[in-house]
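Structural overview
Here's the letter readout for the chains.
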Amino acid sequence: MDDTLLTVGILFVLMGLAGIYITFSGISETMRPLAEFSVLLLVLGVIMIPGGLFRGGIPQLSGPKVVVSLVVVVGLVSFVATTAAMGIGPWTPGPPEISGGPTPFNVTITIVPGSFNPTQAENYVPKEVSVVAGYNSTVIWVNAEEVPVGHTVTSDQGLFDSGLFGQGMSWTFTFIREGEYPYHCTPHPWMVGKVIVLPSSPSSAQPSS
Ligand SMILES: [Cu+2]
């Protein structure tokens with residue numbers, strides 16, 4: 001039995017699983033190379049573990065190191081298989097929850113008349129708003145067109161989409177997570193705006209006087 005090979009093999013398996021976990025938990029979207037590297041580590045580790053175990057003949061299976069190694073590997077594999085089968089954990093990434101109930105205060109953004117015209121610079125007014133999560137992070141877009149034309153409020157990041165709402169209609173959305181949320185209008189892509197959501201803080205719990 002080769003302790004070094006066995007240890008390195010287990011290390012590789014752990015690093016591979018950690019890398020895959022990080023990749024698919026949505027911590028970063030730019031980690032595809034990490035995923036491939038992690039799978040490579042995992043495969044190498046899985047190959048090295050029996051290599052380490054059985055070098056120099058069949059090991060004495062009662063050896064504590066062997067038992068511990070087997071428990072670790074079997075445990076990890078079962079955990080991953082179980083969570084994957086149950087559809088929980090980082091294996092089932094979804095968009096982050098950013099919508100909640102209405103806040104005590106709200107902010108109105110007007111879609112001004114003529115926004116359907118690509119040469120008109122002003123469309124979502126104000127174009128950029130900063131709100132505080134849970135305080136005034138309910139945002140209402142009002143379609144104030146003077147002719148019957150529909151608009152949308154569509155997240156550039158795929159996080160929300162109002163669908164078309166017509167002249168005189170409005171659409172309301174409550175942000176609950178801090179972040180920057182650029183958006184646009186689907187039929188009129190020159191219409192762009194941004195909502196900046198700031199974290200809630202004790203000083204923001206009361207309206208300033
Ligand atoms: Cu539009």
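Residues numbered from 1 in each chain as written. Predicted model: local features only at pLDDT ≥ 70, side-chain atom pairs only at ≥ 80, totals over all residues. Heavy atoms only, no water.

1. Side note on the overall build of the protein
- Check the secondary structure of the protein and you find three helices and eight strands.
- For the protein, the N- to C-terminal ordering of α and β elements is α-α-α-β-β-β-β-β-β-β-β.
- Taken over 209 residues, the protein has a buried fraction of 34%.
- Taking the intrachain contacts of the protein between residues at least 6 apart in sequence as the baseline, contacts between residues at least 24 apart amount to 65%.
- Within the structure as shown, the protein displays about 11900 Å² of accessible surface, and the carbon and sulfur contribution to it stands at 66%. (Helix = DSSP H or I, 4+ residues; strand = E, 2+ residues; numbered from the N terminus. Buried < 20%, exposed > 50% of the residue type's maximum accessible area, 1.4 Å probe, protein only. Contact = heavy atoms within 4.5 Å. Areas by Shrake-Rupley, 256 points an atom, 1.4 Å probe, with all protein chains shown as cover.)

2. Points about the sheet that holds strand E1 (residues 106-111)
- Spatially, the four strands line up as an open sheet ordered E2-E1-E4-E6, and their pairing is mixed. Bordering the open sheet on either side are strand E2 (124-125) and strand E6 (170-174), each of which pairs with just one other strand. (Pairing = 2+ DSSP bridges.)

3. Some details on the coordination of the copper ion
- Every protein donor of the copper ion is accounted for by His151 (ND1), Cys185 (SG), His188 (ND1) and Met191 (SD), and the metal-donor separations fall at 1.9 to 2.7 Å.
- Classification of the site at the copper ion as irregular follows from its four donor atoms and the range of 89 to 135° in their angles at the metal.
- Positions of the donor residues of the copper ion, expressed as sequence spacing, correspond to H-x33-C-x2-H-x2-M. Of this pair, histidine 151 sits in the loop between strand E4 (138-143) and strand E5 (154-155) while cysteine 185 sits in the loop between strand E7 (179-184) and strand E8 (192-198), and the two are 34 residues apart along the sequence. For the pair histidine 151 and cysteine 185, one class covers both residues: buried. (Donors = N, O, S within 2.8 Å, 3.2 Å for Na, K, Ca; no water. Tetrahedral: all angles 85-135°; square planar, octahedral: opposite > 155°, others 65-115°.)

4. Quick word on the sheet that holds E8
- Taken together, four strands build an open sheet; the order of strands is E3-E8-E7-E5 and the sheet is mixed. Of all the strands in the sheet, just strand E3 (128-132) and E5 have a single pairing partner and so form its edges.
- Across two bridges, the pairing between E5 and E7 is antiparallel. Paired with serine 155 across the bridge in E7 is tyrosine 183.

5. A closer look at the nonpolar core
- Formed by 22 residues in total, the largest nonpolar core has its most connected members in Tyr124, Trp141, Val153, Phe160, Phe175, Tyr183 and Val195.
- Elements with a minimum of two residues in this core: E1, E3, E4, E6, E7 and E8.
- The dominant element in this core, judged by the number of residues it contributes, is E1, at three residues.
- Excluding its chain neighbours within four sequence positions, the residues that come into contact with tryptophan 141 are Ile109, Tyr124, Val153, Phe165, Met169, Ser170, Trp171, Phe173, Phe175, Tyr183 and Val195. (Core = buried A, V, L, I, M, F, W, Y, C linked by side-chain atoms within 4.5 Å.)

6. Things to note about the side chain of threonine 174
- When you line up the elements, threonine 174 lands in strand E6.
- Dropping the residues within four chain positions of it, threonine 174 is found in contact with Ile98, Ser99, Gly100, Gly101, Pro102, Thr103, Ser137 and Thr138.

7. Points about the environment of valine 73
- Residue position: valine 73 is located in helix H3 (residues 64-86).
- When its relative accessible area of 22% is taken as the criterion, valine 73 is described as partly exposed.
- Between the C-alpha atom of valine 73 and that of leucine 14, which follows or precedes it by 59 residues, the distance is 8.9 Å.

8. Digging into a nonpolar patch on the surface
- Among the surface-exposed residues, Leu14, Val68 and Val72 lie close enough to one another that they form a single nonpolar patch of about 220 Å² accessible area.
- Looking at the secondary structure, you find valine 68 in helix H3. (Patch = residues over 30% accessible without salt bridge, like charges linked within 9 Å, V, L, I, M, F, W, Y side chains within 5 Å. Salt bridge = Lys/Arg side-chain N within 4 Å of Asp/Glu carboxyl O.)

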